[in-house]
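Here is how the chains run, residue by residue.
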Amino acid sequence: DAVANYDSAVTGDVTNGFTVTNTNTEKTSVDVTKTWLGTPAASVTIKLLADGAEKETVTLTAADNWTHTFSNLPKFDTTDGHEIVYTVDEVDVPNYTKGISGTAATGFTIKNTNTETINIPPVTKVWVGPQASSAKVTLFADGVEKDSVTLNAANGWAHTFTNLDKYNNGTEIVYTVTEEPIANYDSVVTGDAATGYKVTNTNTEKT
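Note that the coordinates shown come from a computational prediction; the quantities given were computed from them, not determined experimentally. (Residues numbered from 1 in each chain as written. Predicted model: local features only at pLDDT ≥ 70, side-chain atom pairs only at ≥ 80, totals over all residues. Heavy atoms only, no water.)

Draft legend 1. Quick peek at the sheet that holds strand 18 (residues 196-203). The strand order across the open sheet built from four strands is 13-10-18-17, with neighbouring strands paired in mixed fashion. Here the strands that pair on one side only, and so sit at the sheet edges, are strand 13 (158-165) and strand 17 (185-192). Each strand axis lies, on average, 20° off the axis of its neighbour in the sheet, ignoring direction. Where strand 10 (residues 117-128) lies against strand 18, five bridges are found, and the strand directions are parallel. What sits directly across from Thr-124, in strand 18, is Lys-198. (Pairing = 2+ DSSP bridges. Helix = DSSP H or I, 4+ residues; strand = E, 2+ residues; numbered from the N terminus. Axes fitted to C-alpha atoms, helices over the stretch in contact; angles between N-to-C directions.)

Draft legend 2. Highlighting the sheet that holds strand 12 (residues 144-151). Ordered in space as 12-11-16, the three strands form an open sheet in which the pairing is antiparallel. For this open sheet the edge positions go to strand 12 and strand 16 (175-179), each flanked by a neighbour on one side alone. Averaged over all pairs of adjacent strands, the angle between strand axes in this sheet comes to 25°, irrespective of strand direction. Bridge count between strand 11 (residues 135-141) and strand 16: five bridges; the pairing is antiparallel.

Draft legend 3. Region of interest: the environment of Ala-4. By the secondary structure assignment, Ala-4 is in the segment before strand 1 (6-13). Distance from Ala-4 to Gly-107, taken between C-alpha atoms, is 26 Å for residues 103 residues apart in sequence.

Draft legend 4. Structural detail: the environment of Val-123. Along the polypeptide, Val-123 turns up in strand 10. As for Val-123 and Leu-151, which are separated by 28 residues in sequence, their C-alpha atoms are 9.2 Å apart. When neighbours within four sequence positions are excluded, Val-123 is seen to be in contact with Val-137, Leu-151, Trp-157, Ala-158, His-159, Phe-161, Val-177, Tyr-197 and Val-199. (Contact = heavy atoms within 4.5 Å.)

Draft legend 5. Here's a closer look at unusual backbone geometry. Positive phi outside glycine occurs at Asp-51, with the angle close to 55°. Here Asp-51 is to be found in the loop between strand 4 (44-50) and strand 5 (53-60).

Draft legend 6. Looking closely at the side chain of Thr-138. Looking at the element boundaries, Thr-138 is found in strand 11. Excluding residues that lie within four positions of it along the chain, Thr-138 makes contacts with Glu-145, Asp-147, Ser-148, Thr-176, Val-177 and Thr-178.

See the structure below:
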């Protein structure tokens, strides 16, 4: 008699005996969702693995809301009947690290975190009046001190801050600079992180 979710095959004969082999035909599905910390790439390629071997791939984009369901998948191996272990992986995306969480039963989430770095064009120093011996400039990332440099004649009164994180938890970092006060000088900072900063010191001495 037919058994639900099974294909039945009878082999053998009356002399040697019969073997009735039932093979499970149940199907399953696997959900995958893509999230981004940082500006999303145009697309990503997701791989479905069955017992560690690549079975299918899919390209995810914003048009499909970065989600996909791998469906109509065999639940059990037809060779020995074990339950197949499904996992997912992602083709590496430049400037992103990936983190995969979840299970085949609950669905997988692949989170990509942007690791881009930037350089801030040279911070330059301008003097209106006699030059001091040096000036200390501090770089802030979202208002938190990140780095500092002492400018002087030896380094041409200029410095480039390099290899800075572009994002923090997916939000682009706002970089600013300030200068440590110098006696008898007013300090004005102009420019931005994209074009570079200029720190102008104007002598305020009286006579």
